[in-house]
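Examining the three-dimensional arrangement
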Amino acid sequence: MKYNSLCKLLLIGGTINTLLQCQSVKDIERPNILFIITDDQSPYSLKAYGNQICQTPNIDRLANEGMTVTSAHVMGSWMSAVCVPSRTQIMTGRSLWKTVGLPQALSPDYKTPEEANVLTPSEVPEFYSIPAVFNRAGYVTFRTCKAGTSYPNANKLFDYNFGKSCTKADDENGSKWHGDRAIDFLEMRHLQKKKNPFLMYFGFSHPHDPRHGKEELYEKYGASDEPPAIPNPKAPPLPVNYLPKHPFRHGNDDGRDETRVQGVMKKRDEATIRNEIGREYACIENIDIQIGRVIKKLEEMEELENTYIIFTGDNGIAVGSHGLMGKQNLYEHSWRVPFIVKGPGIKAGSRVSGNIYLMDVLPTLCEITGIETPYTCDGISFLPVLRGERDIIRDVIYGAFNMFKEEGYGGPGNGSRPGIRAVKKGEWKLIKYDVYDGKVRETQLFNLEENPNELLIEHHDASIVSMTGNRPEPYQVNLANDSKYATKLEEMEKLLLEQQFNYDDPFLLWDQKDLMIKMNLQN
């Protein structure tokens, strides 16, 4: 795609947003958007974040030709299926606590996407979701992703919507199915000579469990559907923060991800965890193959240079780190998500912190394309970060994990409130646990610059060191009970409470009432 001479000159010093300031949308070629999202993928599974084993040449290409954001987060979840609030935050740009109940409030069963877009009233949240906003702006919208555990009211507004749970190894029930839907859409667009820009929501069901991989990739990563009795030498090593058991009850001990993952269940031995990581990598490499197919198709259609590509995940995942299997925690491996962006005006091979949330995606896409950002968005556009003008868009990151007891929000009896909270500023991070009706109350303080893997005293045990090959430094522990850091702990406690108020957190932790009064934060 070629811009006119004026556009070319302006693009050198800016982005498409600059163009939109001097020309009407109708006078230029608006950029396409390819938004790629995987299910349950830690950033640490990719080369761009230090992984040297899982092979993803196409995602690596995006990082080499674009920008890697090293501090991208899901704000958290109010139910065990973290993907539901996470994807609702993406679709709406709303913060965590403003998404409560949205996925459960189902809209009518419209006959067609056209009818859904026409009849959806402006008073409902999905009117301001990604597909609705971009449809009204003249974009052709497409979605393929797993079925369910998302925001159904928004999904039905895509012009083309293909949902299916694809966690098998074969092409018809695995990641290739999602890839085929994306290729079909692009080929249809090419044959019909459509000129409207497109927004593609290109989602995958993997590497969420069950992690059934192709045999050739299983062989490569020393994996099998059931774990061996002893570790396969080809299997990836244990993560450096591996533990056979979390040091205390964390709020999701009996949850599905901790007890019912096929091939793992409640086992945390070395052979089982390494096998499951191998399965995970087999699924991720297959996803990468599908991404490569779509990138190649965009090149063949001469659409690639006018397309912004975002690669991310709906949340991270533990898979053995800290003795956990799931994402229902606020350690870095589960709270952070991979986030890579390639597109016009983005410096190749660049790396930034960003300090972004997934809720920032919608306002950013709106600014990139010159579309008015919905007033309902709590997120912030990180276009200045993509331009290279800023390293971060906010100083503080807040996270929450809570499970309501009510049916539809985690299930009756599956509640653990207030839950887990975290706050991060610079190299310092605080995590607090207030779970099981006050029976478990724990505080963790980490210096992430010195202890990036959030190692605990349990990681210093000789038996753990012998399995991970990592011998922690004496200072790589939870610092919350160290009197030398009392001032820092107090500072982070105040910062957390401020963030809870800023984001309308409905709960206080066990020790926050007096602090709230002291800080004059009463409602």
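The following paragraphs examine the structure supplied in this document. All values reported here derive from a predicted model rather than from experimental measurement. All residue numbers refer to position in the chain's written sequence, counted from 1. In keeping with the model being predicted, local features are shown solely for residues with a pLDDT of at least 70 and side-chain atom pairs are shown and tallied solely at 80 or more, while totals for entire chains, interfaces and linings include all residues. Excluded from the side-chain calculation are hydrogens and water; included are all heavy atoms of the structure.

Only protein atoms enter the calculation, which uses a 1 Å grid: trapped sets of points that fit a 1.4 Å probe without letting it out are cavities, open sets showing protein on both sides within 12 Å along at least five of seven lines are pockets, and any residue with an atom within 4 Å of a point is a lining residue. Grid points are joined across faces, edges and corners, and a volume is the space filled by probe spheres set on the points. Estimates place the volume of the largest pocket at around 770 Å³. What lines the largest pocket is a set of 38 residues, and nearest its centre among them are Ser42, Tyr44, Tyr49, Arg336 and Asn453. The helix and strand labels rest on DSSP assignments: H or I over at least four residues marks a helix, E over at least two residues marks a strand, and numbering proceeds from the N terminus. When residues of the lining of the largest pocket are traced back to their parent elements, those giving at least two are helix H11 (270–300), helix H12 (332–335) and strand E13 (416–425). A per-element tally of the lining of the largest pocket places H11 first, with three residues. Classes in brief: Ala, Val, Leu, Ile, Met, Phe, Trp, Tyr, Cys and Pro nonpolar; Asp, Glu, Lys and Arg charged; the others, Gly included, polar. Across the lining of the largest pocket, the residue classes tally to 16 nonpolar, 14 polar and eight charged.

Lines fitted to the C-alpha atoms define the axes, with helices restricted to the stretch that makes contact. Angles between their N-to-C directions range from 0 to 180 degrees. The interhelical angle for the contact between helix H3 (residues 57–65) and H11, taken along N-to-C directions, is 55°, at an axis separation of 7 Å. Classified by the interaxial angle, the pair formed by H3 and H11 is oblique. Between H3 and H11, the residues in contact are Pro57, Asn58, Ile59, Arg61 and Leu62 and Asp288, Ile289, Ile291, Gly292, Ile295 and Glu299, respectively. Note on terminology: angles under 35 degrees are roughly parallel, angles over 145 are roughly antiparallel, angles of 65 to 115 are roughly perpendicular, and the others are oblique. By definition, residues are in contact when any of their heavy atoms lie within 4.5 Å.

Next up on the list: the packing of aromatic side chains. We call Phe, Tyr and Trp rings a pair once their centres come within 6.5 Å, taking the six-membered ring for Trp, and we label the pair stacked below 30 degrees between planes, edge-to-face above 60, and tilted otherwise. Under the counting rule described, the total for this entry stands at 17 aromatic pairs. On the basis of an interplanar angle of 50° and a centroid distance of 5.7 Å, the ring pair of Trp428 and Tyr485 is categorised as tilted. Within this pair, whereas Trp428 is found in strand E14 (residues 428–435), its partner Tyr485 is found in the loop between helix H15 (462–468) and helix H16 (486–502), the two being separated by 57 residues in sequence. Exposure remark for Trp428: the relative accessible area of 10% places this residue in the buried category. Put simply, the rings of Phe142, Tyr160, Phe162, Phe185 and Phe198 pair up and form one aromatic cluster. Directly above the aromatic system of Phe127 lies the positively charged group of Arg136, at a separation of 3.8 Å from the ring centroid. For every residue, the accessible area obtained with a 1.4 Å probe (protein chains only) is divided by the maximum for its type, and the residue is called buried under 20%, exposed over 50%, and partly exposed between those limits. The rule is short: NZ of Lys or CZ of Arg within 6 Å of the ring centre and within 35 degrees of the ring normal puts a charge over the ring.

In this structure, Phe134, Ile291 and Phe339 are the most contacted members of the largest nonpolar core, which totals 118 residues. Considering every element that reaches this core, the biggest residue donor is strand E12 (residues 396–403), with six residues. Residues contacting Ile291, with those up to four places away along its chain left out, are Ile36, Asn58, Ile59, Phe202, Phe204 and Phe311. Nonpolar cores were defined as sets of buried Ala, Val, Leu, Ile, Met, Phe, Trp, Tyr and Cys residues, with membership established by side-chain atoms within 4.5 Å. Within the second largest apolar cluster, 17 residues are counted, among which are Val264, Ile273, Tyr281 and Ile284.

Of all seven residues that make up strand E8 (residues 307–313), seven are buried, and the element is covered over most of its length. Here E8 shows two buried faces, one formed by Thr307, Ile309, Phe311 and Gly313 and the other by Tyr308, Ile310 and Thr312. Summarising the sheet, strand E1 (residues 32–38) and E8 pair through seven bridges and their orientation is parallel. The residue of E8 that forms the bridge with Ile33 is Tyr308. Pairing between two strands requires that DSSP report at least two bridges joining them.

Turning next to H16. For H16, spanning 17 residues, the distance from its first C-alpha to its last is 24 Å, which sits close to the expected 24 Å at 1.5 Å a residue. For H16, the set of buried residues is Leu489, Met492, Glu493, Leu495, Leu496, Leu497, Gln499 and Gln500. Those residues of H16 that are buried lie in contact with E12, E13, E14, strand E15 (440–447) and helix H17 (513–518). Phi turns positive one or two residues past the end of H16, at Asp504, with a value near 60°. By this rule, a helix spans an expected 1.5 Å times one less than how many residues it contains.

Here we come to the sheet that holds E14. Taken together, five strands build an open sheet; the order of strands is E4-E12-E13-E14-E15 and the sheet is mixed. Each having just a single partner strand, strand E4 (76–77) and E15 make up the two edges of the open sheet. Relative to E15, E14 runs antiparallel, the two sharing eight bridges. Note that in E15 the partner of Asp434 across the bridge is Arg441. Sitting on the sheet, H16 touches E12, E13, E14 and E15, and the angle it makes with E13 is about 115°.

For the rest of this paragraph, the subject is helix H13 (residues 361–369). The buried count for H13 comes to eight of nine residues, which makes it a mostly enclosed element. For H13, every residue scored as buried is listed here: Val361, Leu362, Pro363, Thr364, Leu365, Cys366, Ile368 and Thr369. Of the residues flanking the end of H13, it is Gly370, one or two places downstream, whose phi is positive at about 75°.

Another point: the packing of helix H8 (residues 175–191) against H11. Direction vectors running N to C along H8 and H11 enclose 10°, while the axes themselves pass 9 Å from each other. It follows that H8 is roughly parallel to H11 by the angle criterion. Residues Ser175, Lys176, Gly179, Asp180, Ala182, Ile183, Leu186 and Glu187 of H8 lie in contact with H11, whose contacting residues are Asn286, Ile287, Gln290, Arg293, Val294, Lys297 and Leu298. Its residues assigned to classes, the contact of H8 with H11 comprises six nonpolar, four polar and five charged.

The tally for this structure, following the rule as stated, stands at two cavities of 30 Å³ or more. Taken as a whole, the largest cavity encloses approximately 60 Å³ of empty space. Val74, Gly76, Ser77, Val82, Asn315, Lys327, Asn329, Leu330, Ser334, Trp335, Ala400 and Phe401 are the residues that line the largest cavity. Every element with two or more residues in the lining of the largest cavity is listed here: E4, H12 and E12. When the residues that make up the lining of the largest cavity are grouped by side-chain class, the tally is six nonpolar, five polar and one charged. Around the second largest cavity sit Lys168, Ala169, His206, His212, Gly213, Lys214, Ala282, Cys283 and Asn286, which together line it. Considered class by class, the residues forming the lining of the second largest cavity number three nonpolar, four polar and two charged.

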